[in-house]
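Topology and contacts: notes
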Amino acid sequence: MSTEGKVIITCAVTGAIHTPTMSPHLPITPDEITEAAIGAAEAGAAILHLHARDPETGKPDQTPEAFARFLPRIKQGTNAAINITTGGSPYMKVEERVRPAAEFKPEVASLNMGSINFGLYHLVQKYESFKFDWERPHLEATKDLVFRNSFKDIEYILQTCYDNGTRFEFECYDIAHLYNLAHFADRGLVKAPFFVQSVFGLLGGIGTHPEDVQHMKRTADRLFGSDFRWSVLGAGASQLRIAAQAAALGGNVRVGLEDSLWAGKGRLATSNAEQVTMVRKIIEGLGLAVATPDEARQILSLKGGDQVGF
Ligand code: KMH
Ligand code: ZN
């Protein structure tokens, strides 16, 4: 099957950045996460990047039990490839973060390629009050928080998942993270094709200027040649602009409420599927086509949806 001109849409449905006060549409409970994921897949997402939350408070929850409440249902409801976060939340230790991916052996797991400041504290001023007690401190304390992903941490996640056939979404928030990936490639600890997810616009990472996007691609091209598949995610309002630029340059795209709550200026997205539909229109408007889950599997050399542990 030819995958020429096919663009993989990843949808990250809830994440650990946004808090329940910020949008009534942020999926929180297992039912909501299941419905959001299946809706995104029906709209055209080939990969679903998943986090879990406490159903009562919406707080990020990285226990395998929390993931077990929705993974089998999502698998049953869609052919999309499932990607489990190993980033969890920047407050968690790496041993806690890797547990769901280690236990459920997904086709894809995220892998954050370097330590960064992870600023969310500037969001606090937008809200007069918060629905849950944990939200304000969760955001404010990021002023003094390093999202730790040392070489040892990265190696630990790689080794923990190595025998499971799980492949990685290498989350690169800055140019240096591409060099870190090249370092692990030199050591033979990661296998091509590398699925490079470039992250733009997080406070602490690279910005959202078109030159930033170009520079990320140029550097990845130089370091990895034909050994990588490029994808982008733009945080907040930059989401679709960056997706459009990357798709025009031959890249893949990630959308979803994890990284942006928006569907236009000042308008909250009412679902993840809405953002997938918007980016799909951009892709098709460029004369490209959206990759099906099986095409995404071929492009990224994934093991197959029947090889997972859930
Ligand atoms: N929300 C992204 C910027 C992970 O889950 O490993 C980062 C992310 C991390 O998706
Ligand atoms: Zn994530």
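What comes next is a walk through the structure. Given the structure is predicted, the values throughout are model-derived calculations rather than measurements.

Looking at the zinc ion (ligand 2), one finds its protein donor set to be H49 (NE2), H51 (NE2) and E258 (OE), positioned 2.1 Å from the metal centre. Sequence positions of the donors to the zinc ion (ligand 2) reduce to the motif H-x1-H-x206-E. You can see H51 sitting in the loop between β3 (47-50) and α2 (64-68) and its partner E258 sitting in the loop between β11 (252-255) and α10 (272-285), a full 207 residues away along the chain. Residue H51 is classed as buried on the basis of its relative accessible area of 5%. Judged by its relative accessible area of 7%, E258 is buried.

Attention now moves to the site of ligand 1. Neighbouring residues of ligand 1: 14 residues in total, closest T85, S110, N112, E258 and D259. H51 is positioned with one of its side-chain polar atoms (N or O) 2.9 Å from an oxygen atom of ligand 1. Separating an oxygen atom of ligand 1 from a side-chain N or O atom of R254 is a distance of 2.9 Å. Notes on ligand 1: free accessible area 300 Å², of which the protein chains cover 97%.

Between helix α4 (residues 94-104) and helix α6 (residues 151-161), whose axes approach to 10 Å, the crossing angle comes to 25°. Our classification of the angle between α4 and α6 gives roughly parallel. As α4 packs across α6, the resulting crossing turns out to be right-handed. For the pair α4 and α6, the contacting residues are V94, E95, R97, V98, A101 and A102 in the first and D153, Y156, I157, T160 and C161 in the second. Its residues assigned to classes, the contact of α4 with α6 shows seven nonpolar, one polar and three charged.

Now for the sheet that holds β3. Pairing in this closed barrel of eight strands is parallel, and the strands run β2-β3-β4-β5-β8-β9-β10-β11 around the ring. Between one strand axis and the next, the sheet turns by 25° as a mean value, whatever way the strands run. Taken together, the four bridges between β3 and strand β4 (residues 81-84) define a ladder with parallel strand orientation. Residue pairing across strands places L48 opposite I82, the latter belonging to β4. In the packing of α10 onto the sheet, contacts are made with β2 (9-12) and β11, and the angle to β2 comes to roughly 160°.

A separate point is the packing of aromatic side chains. Considering all chains together, one arrives at 10 aromatic pairs under this definition. Taking the centre distance of 5.6 Å and the plane angle of 50° together, the rings of F67 and F70 count as tilted. For the pair F67 and F70, one class covers both residues: buried. Aromatic pair F170 and F194: ring centres 6.2 Å apart, planes at 80°, arrangement edge-to-face. Separated by 24 residues along the polypeptide, F170 in strand β8 (residues 167-172) and F194 in strand β9 (residues 194-200) bring together distant segments of the chain. Taken individually, F170 and F194 each receive the classification buried, so the pair is uniform in this respect. Here a set of aromatic residues connected by ring pairs shows up, and it is made of F168, F170, F194, F224 and F228. Positioned over the ring face of F310 is K75, at 5.7 Å from the centre of the ring.

Each value, and the rule that gives it
Residues numbered from 1 in each chain as written. Chains lettered and ligands numbered in written order. Predicted model: local features only at pLDDT ≥ 70, side-chain atom pairs only at ≥ 80, totals over all residues. Heavy atoms only, no water. Donors = N, O, S within 2.8 Å, 3.2 Å for Na, K, Ca; no water. Helix = DSSP H or I, 4+ residues; strand = E, 2+ residues; numbered from the N terminus. Buried < 20%, exposed > 50% of the residue type's maximum accessible area, 1.4 Å probe, protein only. Near = heavy atom within 4 Å. Polar contact = N/O pair within 3.5 Å; in protein donor to acceptor, adjacent residues only side chain to side chain. Areas by Shrake-Rupley, 256 points an atom, 1.4 Å probe, with all protein chains shown as cover. Axes fitted to C-alpha atoms, helices over the stretch in contact; angles between N-to-C directions. Parallel < 35°, antiparallel > 145°, perpendicular 65-115°, else oblique. Left-handed = near helix turned anticlockwise from the far one by under 90°. Contact = heavy atoms within 4.5 Å. Nonpolar A, V, L, I, M, F, W, Y, C, P; charged D, E, K, R; others polar. Pairing = 2+ DSSP bridges. Phe/Tyr/Trp six-rings, centres within 6.5 Å; stacked < 30°, edge-to-face > 60°. Lys NZ or Arg CZ within 6 Å of the ring centre and 35° of its normal.

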